Structures are given as structure tokens and as C-alpha cells.
Amino acid sequence: MVFSLRSSKWLVRPLLRWTSKFHKTTTAIRCYASSDPRVTKGLVIGVYQKEGDKDPKLTTSGEKFDDRVQGKISELIKECNINGQLGRGKVFNNIDQEYRSVAVIGVGREGAGFNELEMIDEGMENARIAAGVGARSLQMQGCSEVFVDSMEYPEQAAEGSALAVWRYNDNKQKKNRTLVPKLELYDSPDVDAWTRGLFKAESQNLARRLSDAPANQMTPTTFAQATVDALCPCGVTVEIRTMEWIEQQHLNSFLTIAKGSCEPPVLLEISYCGTAPEDKPILLLGKGMTFNSGGICLRPCKGMDEYRGSMAGAAVCVAAIRAAAALSLPINISAVIPLCENMPSGMACKPGDVVTLLNGRTLAIRDTDKAGVVVMADPLLYAQTTYKPRLVVDVATLGSGVVRGLGGSATGIFSNSHYIWKQFQKAGSLTGDRMWRLPLWNYYKKLVTNNISFDISNNGEGPASSCLAAAILHEFVPCVDWAHLDIRGVGMLTHYGTIPYLLRDRMTGRPTRTLVQFLYQMACPDANK
């Protein structure tokens, strides 16, 4: 069965007005203030860090607002000893007739730029943090409309503030839900940059919502419907492949894991055409395991609910394509997303089972807990044969090794192309959601292929779980440029070192913005020179 939805030529402006029934965020863009007395307005302005004997300095927009209120902001900064430290500040009430609350937030050092040791553009990231902290502070004050100072980086200010105020409220009573305020740009003509930032942040929020939904509310079928609702209004083609089609295509590795659950598996094929149809696309493949119990090799009960986020890779791919369509990137993108659950049952895969893949090689499933590479194997082979891409990027929550090695600091990336790695590294430094390259050596290949009775094992030998998983996937990408993003450390629940504009103990939606930036760099290489 093939279910296809196509939409006519889209425009960016209609996308702003469109709201999915799965999407409760109420971010909007306006260039004017409302006269509605029920609207409670707040304003976020930035202040640069004190350096030496110099006093903290307000941003350009902050200085204009200070003049408007006869220097009250400058006086309060001195009285409260606000020093401009990044992300620190205070909220002041009733100092202006229009804005009930004004958040004065430190933006860090003035003129901050690219930090080579940290591999991050500190000026951009500081704007995200300051805008996010300020917007969230005003949200907690009950402001329904928040104006945000651009802090010289309107796109990044939009990202930080929109990510900070977003909440997953779907399962709370309406009276107990946290109000998500409207966000508006204050005192800057660069509305286009602000709009781009909102598009990127809203796409990451889409990934957060899909990942954070309980497993019973985000089954493979539900995820497929949510994808249709999110992408089809943007002019993206979504085809939903059901069990019968999957069996006809002999995607045996995918079916071997999926058959353990009563929830039927689904495979999504997504196509965004931003340039000439004959141009080869970039292929995205996201692991869409909507719940991973470990199968017969059952995971510990404590913390098992986090593995509703085992489909974070699929969520990131869907969100990135939505952003690419909203930004009208001149590039062709295809995506294949296998969706299923990994559950124990009488039909479940057993340790030691062997399946034959589309390329004729055999894959032994020695540990059903490591089912991610098994689910991805045949869909990855099918996608390359069908779409003949110029580049393959797969996104998945796979090995625990990347969590132990990098924590939540960066996405672990494995690639057979130095150029692709450099593009991802650059993208991460600009978005603040960094990448770190891990080895893809023959050493690991031998640990997954050196077997007597089968070609490849799904767990390999030794403790380097993330490197072994990457080596397995590399066996299925014989000759095309390829990158594997292991997001297990960054894409699921965040427990330590939470980024100020995200939420502790919630799904992050990372690295959606980095993937969008990478797609932009591939679509417009001349703009990055």
C-alpha cells in the first residue's frame, strides 16, 4: 500500500501561519505592538560584560531603550551590580508603560568571535544564551508577548529565545500548562534573519516534541501521520510504506526486529525537491525505533522510559527537511525512515538469529539490545539503490560509548570523507551544537566481520560500542560519501551540563540545527567561502 500526499508550491509566509494539530507552540512574528489590554508585554535587552575599569555596556538596542526611559536601565545596572556575565541578569518591572517587565541579561564579552580551541562562534552562542535566558525569565513572569533585542545576531537571538520558551505540554491539563509567549524582534530591521532563526528553532522543537511523546502516543503509525502533517503543507512528498510493501521488498533485517511488537512497522520515503529533479539528492536515513526495550535481551527497568527517544534520529531528519523546505534551500533531499518497536514476545528475534540482507551478506543478531544497526541495514541498502544519492547521512541513537566519551557536549560523527567531516565541523561551530569526529578504522571492521559462520555481527567484539556500530553501518555503504551521526549522547534526555536555552531531563531535538546548517552549506557552497 502506498500513501502519497503532495502539496502545491509552498511559500514561506503561509508556513508561518500553519499550525499542526500536533504542534502547540505559538511563536509568531510581528513588527508591531498589539493594543489588546489582555496582552502582557516583556522586553529582553542585553548588556556586555564589564572589562577592566569600563562599566558594563548596553547593546545598541538597549541603549536606545535606556534613552527612552531616561537612563533608568543604566541606574539599575549600577545599583544591582549587574556585570554583564553571560546568562546572568535581572528582571525589572514597571519602568516603562508599554513593557511591564524588562529583562537585562549579560551577553558576555563584547566583540566575541570564533574560539578555535572550543570550536564554536562565541558571539553567536552568547546571543542564543542571553536571549534564551531572558525570554524564559519573562515567560515565568507571565508575559504573553516577548520582544527580544537582536544583540547584533538576530538569527541566533531568535533561535535561543524560541528554544527556551518551548514546552511539551500535550499531557498536562490546559489550566496547568506553561504559557508559551509570542516572540517578536525588537528594534532591528533584519526581520529576515530573525525569521530564519525561528524556522530553525521551530524545527528543532518539532524534533523535541516527536522524541518526548510517550511511546503509546508516538507509535510508528502515529509518527508517520505526524510527519505527513508537518511536511506536506511545506510541499514535501511523503510516502508511507506498510508491512505488505516491506515484505515485498525483502527488507528482512527491518522485519526481524519489528515482528516482536504488535505495532505494525512503517517505512517512510520523503522527498524534497529544491532544484532540478535530475540532480542527485542528499540521502538522510533516521533510526525510527519508537520504543526500544532491548527485546529478549531486556534492558533494566530503571530509566527504560528514556528509550521512547530511540527514534530521535528519525525526528531530527523530519525536522531538518521541514526547515530546508521552509528556507527553500536549492537542494534535493531524500529520506528513508524505518519505524518500528523492539519488544520481547513469542515472535521476537532471538539472540543468535541470522538474516540475509539485500546485498546477499548475512547479519547475525547476537544481542537484540543492539537492534539499531539491524533495523537500519536493509533500509540503508534499499535507499542507496533507489535514490542513487551523492551523499548519505544517517542519524541514530546507537552506541553507549559516545555517551561515555563525549557526554552531551557534541555529536559523535564517523565519516569516510574528510570534506564532509569538515563541513559538519563548520556547521556545528556556527550553530553551537558541535560535532566531534571519531575513528572509522579497519581495526573496528575486523571486530565486526571476522566471523566463521556469518559475514557480520550486530555487536562485534570489545567495548567500543559506538565505533563498532559505525563500522557495521560502513559495511552497507560501499562507495559513496557517507557520514554517521551517533546522537545517543545529545539527542535524548539531557541530565548533565544542560544548555541554558534547553531543558533539563527533557529530549533535546539535537542536532537538528547543525544538520540544517550542513544542508545549507552543501546547497550554497559559494556563500560559505
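Residues numbered from 1 in each chain as written. Predicted model: local features only at pLDDT ≥ 70, side-chain atom pairs only at ≥ 80, totals over all residues. Heavy atoms only, no water.

- The protein is annotated in an unreviewed UniProt entry as Cytosol aminopeptidase from Musca domestica.
- Here the protein is described in UniProt, under the heading Subcellular location (unreviewed entry), as follows: "Cytoplasm". (UniProt positions renumbered as here; feature names shortened; annotations may be inferred.)

1. Description of the overall build of the protein
- Helix and strand counts for the protein stand at 16 helices and 21 strands.
- A separation of at least 24 residues holds for 77% of the contacts in the protein among residues at least 6 apart in sequence.
- On the protein, roughly 21500 Å² of surface is accessible, and the fraction owed to carbon and sulfur atoms is 50%.
- Measuring between centres, the 59 positive side-chain charges of the protein sit 3 Å from its 53 negative side-chain charges. (Helix = DSSP H or I, 4+ residues; strand = E, 2+ residues; numbered from the N terminus. Contact = heavy atoms within 4.5 Å. Areas by Shrake-Rupley, 256 points an atom, 1.4 Å probe, with all protein chains shown as cover. Lys, Arg positive; Asp, Glu negative; His and termini not counted. Charge placed at Lys NZ, Arg CZ, Asp CG, Glu CD.)

2. Some details on the packing of aromatic side chains
- With the rule as written, the count across this model stands at eight aromatic pairs.
- Ring geometry for Trp 245 versus Tyr 382: centroids 5.3 Å apart, planes at 85°, classification edge-to-face. One end of the pair, Trp 245, is in helix α8 (residues 243-248); the other, Tyr 382, is in helix α11 (residues 372-387), and 137 residues separate them in sequence. Summarising the burial analysis for this pair, Trp 245 and Tyr 382 share the class buried.
- Both rings, one in Trp 441 and one in Tyr 444, keep their centres 6.3 Å apart while their planes meet at 20°; by these two values the pair is stacked.
- Relative accessible area serves as the criterion here: at 55%, Trp 441 is assigned to the exposed category.
- Aromatic rings pair up to connect Phe 65, Tyr 99, Phe 147 and Tyr 186 into one cluster.
- Note that Arg 299 overlies the ring of Tyr 307, its terminal NZ or CZ placed 4.1 Å from the centroid. (Phe/Tyr/Trp six-rings, centres within 6.5 Å; stacked < 30°, edge-to-face > 60°. Buried < 20%, exposed > 50% of the residue type's maximum accessible area, 1.4 Å probe, protein only. Lys NZ or Arg CZ within 6 Å of the ring centre and 35° of its normal.)

3. Considerations on the UniProt feature "domain: Peptidase M17 leucyl aminopeptidase N-terminal" (unreviewed entry) in the protein
- According to UniProt, the feature "domain: Peptidase M17 leucyl aminopeptidase N-terminal" (unreviewed entry) maps to residues 44-175 in the numbering used here.
- Secondary structure across residues 44-175 divides into 36% helix and 22% strand, with the first and last C-alpha atoms of the span separated by 26 Å.

4. What to know about the domain arrangement of the protein
- Domain boundaries assigned for the protein yield domain 1 (41-189) and domain 2 (208-523).
- For domain 1 versus domain 2, the separation of C-alpha centres amounts to 36 Å.
- Taken together, the contact between domain 1 and domain 2 spans 21 residues of the former and 19 residues of the latter.
- Interface area, domain 1 with domain 2, both sides summed: about 1800 Å², of which 59% is carbon and sulfur.
- Per-residue buried area on domain 1 facing domain 2 is highest for Leu 163, Trp 166 and Tyr 168; these three make up 32% of the total on that side.
- At the boundary of domain 1 with domain 2, the tally comes to two salt bridges. (Domains from an automatic or database assignment. Buried area = accessible area lost by both parts, 1.4 Å probe. Salt bridge = Lys/Arg side-chain N within 4 Å of Asp/Glu carboxyl O.)

5. A word on the side chain of Asp 149
- Its place among the elements puts Asp 149 in strand β8 (residues 145-149).
- Lys 64 is the oppositely charged side chain nearest to the buried, salt-bridge-free Asp 149, at an N-O distance of 9.4 Å.
- Reaching out from Asp 149, the side chain makes a polar contact with the backbone nitrogen of Met 151 at a distance of 2.9 Å.
- If near-sequence neighbours (up to four positions away) are discounted, Asp 149 is found in contact with Val 44, Ile 45, Gly 46, Thr 59, Ser 61, Gly 62, Ala 157 and Tyr 186. (Polar contact = N/O pair within 3.5 Å; in protein donor to acceptor, adjacent residues only side chain to side chain.)

6. Notes on the sheet that holds strand β20 (residues 456-457)
- What the three strands build is an open sheet, ordered β15-β16-β20; its pairing is mixed. With partners counted over all chains shown, the strands left at the sheet margins are β15 (353-356) and β20, one partner each. (Pairing = 2+ DSSP bridges.)

7. What about the pattern of salt bridges?
- One pass over the full model with this rule turns up 25 salt bridges.
- When the shortest N-O distance is used, the salt bridge between Glu 475 and Arg 361 registers 2.9 Å. A residue pair is termed long-range when its members are at least 10 positions apart, and Glu 475 in the loop between α15 (465-474) and β21 (481-486) and Arg 361 in the loop between β15 and β16 (362-365) qualify at 114 residues.
- A network of salt bridges, in which partner residues are shared, links Lys 41, Arg 68, Asp 96 and Glu 98.

8. Quick word on helix α10 (residues 312-326)
- Its 15 residues give α10 an end-to-end C-alpha distance of 21 Å, which sits within 8% of 21 Å, the value for a rise of 1.5 Å per residue.
- With 15 of 15 residues buried, α10 is to be regarded as a mostly interior element.
- Once α10 ends, the next one or two residues include Ser 328, with phi positive near 55°. (Expected span 1.5 Å × (residues − 1).)

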